[in-house]
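What follows is the residue order along each chain.
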Amino acid sequence: MKNIHVHKGPTIWPLDKDAFDVSDVDKVATRYRDELNFIVEHVGLPRIEDFCFMATQEPNVYAGLAVVTGGLMHARPRFFAKVMGELLFWVGEDKMLFGADYAIWEPKWQVEGLVDWDYPDETFSDFPAFTTESKKKILGLNAAKLYDVDVPEELRLPVPDSEPAKQEDAVGVGGGA
Amino acid sequence: MTDRAHVLDALGTVYDPELDEPITSLRFVSACDVSAEGDVDVRLRLPTPQCAPNFAFLMAADARDAVRRLPEVGGVTVVLEDHYTGDEINAAVGGGGGFGDAFPGDTEGELDALRELFRRKALVARQARLCEALLAAGETAQAVTARRLAELPDDPDARRCVALREQLGIVSDAAFVRPDGDTITAEDLGLWLRRARLVRTSLEANGGICRSLLAARYGDPEEVAA
């Protein structure tokens, strides 16, 4: 076992911590940097900022898009665009994984929606582009890499990985991670 | 004697620590009564029964403290209604206790660190709004980072930044600072603003969710003071 999908939810103990603190994942990801990967489902929402700064610093922390796609793409399209833009900027398209939250939502319309998706207008122009390559990675190639699934030659991407934000750039509000 | 308007003014100084807005404008004050003898009874409500107990406690305790500071006030009762830890919070707040008294064994300490963390986030988010407005109006990165605190436009975000900086003990006179109070240079501005904008996005989105949940739970917006 090497991939852990973390479903973040409210803190049960201790209650004086922020209910949506992501530092527990931060700690364990640092400790098992070479052995384990952590895919944080719904990307730490509602603490997307803490998650982005942490995932930028930890090479083995990934953004799981479950709930993000199903819950926001149509219901809150502008917020969805901001979340996607921030994830692409900070975490990068090589560490984002599609998730459908199956049983709440079926995946078909979410896959199709993401394939068709782009930023709604030019006010999002300073976020990284969401290209066909990004979509291939997020919808399958990144997961194939994590789970050692052999990708047929004709479906592989020819170009090198893009570079997300640097680790040292992601200094969070808390100072540390 | 303290009247209802004074009590509401005092409650207007109590902020939701996460959303950085007064509990009055968030419509978290559901009732506020002052008796002929000057006794005050305040009822608080939140967007969901499961809102984080730590933030709920801070708002109830801060409301109690703010009203108690009023001159010639009688007895003060603050009750958080419709919350899954309402009994624990109300007992501690009523008895003048802290968070540890409300949740013995369930907390490692009081809420000072949590409050400070969210004050820093609030400062970052407000600075992002102010800075974006200046840049949009054509100000250069050099000019923005050279601005002094006293040179910020006189608007609610700037006034709130001043208050938050005082609470955080940030002494720099630069208009825009890092979360820890350090100054920023023109070269740092782009990335500083990137980070600040993400914090702002998160805070505004969460505020929007809270408002819509409250509206779904208690009905459409109406003047709390009405």
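Note: the structure precedes this text.
Attention here is on the structure that accompanies the text. Computed from a prediction, not measured in an experiment: that's the story for all the values here. (Residues numbered from 1 in each chain as written. Chains lettered and ligands numbered in written order. Predicted model: local features only at pLDDT ≥ 70, side-chain atom pairs only at ≥ 80, totals over all residues. Heavy atoms only, no water.)

For chain B, the helix and strand inventory stands at eight helices and five strands. Listing every helix and strand of chain B by position from the N terminus yields α-β-β-β-β-α-β-α-α-α-α-α-α. In terms of C-alpha radius of gyration, chain B reaches 19 Å, essentially the compact-globule figure of 17 Å for 226 residues. In chain B, the share of contacts with a sequence separation of at least 24, taken over all contacts with a separation of at least 6, comes to 68%. Taken as a whole, chain B presents about 10000 Å² of accessible surface, with 50% of it coming from carbon and sulfur. (Helix = DSSP H or I, 4+ residues; strand = E, 2+ residues; numbered from the N terminus. Rg over C-alpha atoms; globule rule 2.2 N^0.38 Å. Contact = heavy atoms within 4.5 Å. Areas by Shrake-Rupley, 256 points an atom, 1.4 Å probe, with all protein chains shown as cover.)

Once that is clear, we can look at the pairing of strand 5 (residues 76–80) of chain B. Consecutive side chains of a regular strand alternate in pointing toward one face of the sheet and then the other. Residues and elements named next belong to chain B. Buried residues dominate strand 5, accounting for four of its five residues. Where strand 4 (residues 40–44) meets strand 5, five bridges bridge the pair, whose relative direction is parallel. Across the sheet, valine 40 pairs through a bridge with valine 76, a residue of strand 5. One crossover worth recording links strand 4 to the parallel strand 5 by way of helix 2 (residues 53–68), and it is right-handed. (Buried < 20%, exposed > 50% of the residue type's maximum accessible area, 1.4 Å probe, protein only. Pairing = 2+ DSSP bridges. Right-handed = clockwise from strand over helix to strand, strands pointing away.)

Counting across every chain of the model gives 12 aromatic pairs over all chains. Residues A:Phe89 and A:Trp90 carry aromatic rings whose centres are separated by 4.9 Å and whose planes lie at 90 degrees to one another, so their mutual orientation is edge-to-face. Per residue, the accessibility class of A:Phe89 equals that of A:Trp90, and both read buried. Between B:Phe57 and B:Phe99 the ring centres are 5.5 Å apart and the planes differ by 70 degrees, which places this aromatic pair in the edge-to-face class. (Phe/Tyr/Trp six-rings, centres within 6.5 Å; stacked < 30°, edge-to-face > 60°.)

Our focus in this paragraph is the pattern of salt bridges. Two side chains that carry opposite charge are able to pair once their charged atoms sit near each other. Evaluation of the coordinates by the stated rule reveals 32 salt bridges over all chains. One salt bridge in this structure joins A:Arg78 and A:Asp121, with 2.9 Å as the shortest N-O distance. In this pair, A:Arg78 is assigned in helix 4 (residues 77–90) and A:Asp121 in the loop between helix 5 (107–116) and helix 6 (132–146), connecting sequence segments 43 residues apart. Note that B:Glu204 and B:Arg200 form a salt bridge whose closest N and O atoms lie 2.9 Å from each other. (Salt bridge = Lys/Arg side-chain N within 4 Å of Asp/Glu carboxyl O.)

Tallying each qualifying case throughout the model produces three cavities of 30 Å³ or more. In this model, the largest cavity occupies a volume close to 70 Å³. Lining the largest cavity, in full, are A:Phe53, A:Val171, A:Gly172, A:Val173, B:Val124, B:Pro179, B:Trp192, B:Arg195, B:Ala196 and B:Val199. Among the elements that take part in the lining of the largest cavity, helix 8 (residues 189–218) of chain B stands out by supplying four residues, more than any other. Grouping the constituent residues of the lining of the largest cavity by class yields eight nonpolar, one polar and one charged. Here the second largest cavity is characterised by a volume of approximately 50 Å³. Those elements giving two or more residues to the lining of the second largest cavity turn out to be helix 5 (112–136) and helix 8 of chain B. Top contributing element to the lining of the second largest cavity by residue count: helix 8 of chain B, with four residues. Here the residues of the lining of the second largest cavity are counted per class, giving three nonpolar, two polar and four charged. (1 Å grid on protein atoms, 1.4 Å probe; cavity = no way out; pocket = protein on both sides within 12 Å on 5 of 7 lines; lining within 4 Å. Points joined across faces, edges and corners; volume = space filled by probe spheres on them. Nonpolar A, V, L, I, M, F, W, Y, C, P; charged D, E, K, R; others polar.)

It is worth spelling out the interface of chain A and chain B at this point. Between chain A and chain B, the residue contacts involve 27 residues of the former and 32 residues of the latter. On the chain A side of the contact with chain B, A:Leu15, A:Asp16 and A:Val173 bury the most area, a combined 28% of that side's loss. Where chain A touches chain B, the interface holds 15 residue pairs in polar contact (both at pLDDT 80 or more). Among the secondary structure elements, those contributing two or more residues to the side of chain A that touches chain B are helix 2 (48–57) and helix 4 of chain A. (Buried area = accessible area lost by both parts, 1.4 Å probe. Polar contact = N/O pair within 3.5 Å; in protein donor to acceptor, adjacent residues only side chain to side chain.)

Our next topic: the sheet that holds strand 3 (residues 29–34) of chain B. Think of a sheet as strands paired side by side through backbone hydrogen bonds, with each pair either parallel or antiparallel. Residues and elements named next belong to chain B. Taking strand neighbours across the sheet as the criterion, the three strands line up as 3-4-5 in an open arrangement whose pairing is mixed. Edge positions in the sheet fall to strand 3 and strand 5, since each has one partner strand and no second. Strand after strand, the sheet turns through a mean of 10 degrees between neighbouring axes, direction not considered. Along the sheet, helix 1 (residues 4–11) contacts strand 3 and strand 4; its crossing angle with strand 3, the most-contacted strand, is approximately 140 degrees. (Axes fitted to C-alpha atoms, helices over the stretch in contact; angles between N-to-C directions.)

It is at 11 Å that the axes of helix 4 of chain A and helix 8 of chain B come closest, and there the two elements cross at 145 degrees. In terms of crossing hand, the pair formed by helix 4 of chain A and helix 8 of chain B is left-handed. Of the residues in helix 8 of chain B, those touching helix 4 of chain A at A:Phe79, A:Lys82, A:Glu86, A:Phe89 and A:Trp90 are B:Leu191, B:Arg194, B:Arg195, B:Arg197, B:Leu198, B:Thr201 and B:Ala205. (Left-handed = near helix turned anticlockwise from the far one by under 90°.)

Our focus in this paragraph is the packing of helix 5 of chain B against helix 7 (residues 156–168) of chain B. All names here are of chain B. At their nearest, the axes of helix 5 and helix 7 sit 9 Å apart, and the two run at 150 degrees to each other. One element, helix 5, and the other, helix 7, form an angle in the roughly antiparallel class. Pair helix 5 / helix 7 crosses with left-handed handedness. Contacts from Glu116, Arg119, Arg120, Ala122, Leu123, Arg126, Gln127, Arg129 and Leu130 of helix 5 reach helix 7 at Pro156, Asp157, Ala158, Arg160, Cys161, Leu164, Arg165, Gln167 and Leu168. (Parallel < 35°, antiparallel > 145°, perpendicular 65-115°, else oblique.)

Right, let's talk about the pairing of strand 2 (residues 37–41) of chain A for a bit. Residues and elements named next belong to chain A. Judged by how many residues are buried, strand 2 sits mostly within the fold: five of five residues are covered. Judged by which residues are buried, strand 2 turns out to be covered on both faces: Asn37, Ile39 and Glu41 on one side and Phe38 and Val40 on the other are all buried. Here strand 1 (residues 3–7) runs beside strand 2; their pairing, made up of five bridges, is parallel. Bridge pairing in strand 2 places histidine 7 opposite glutamate 41. In this fold, the crossover linking strand 1 to strand 2 by way of helix 1 (residues 23–31) has right-handed handedness.

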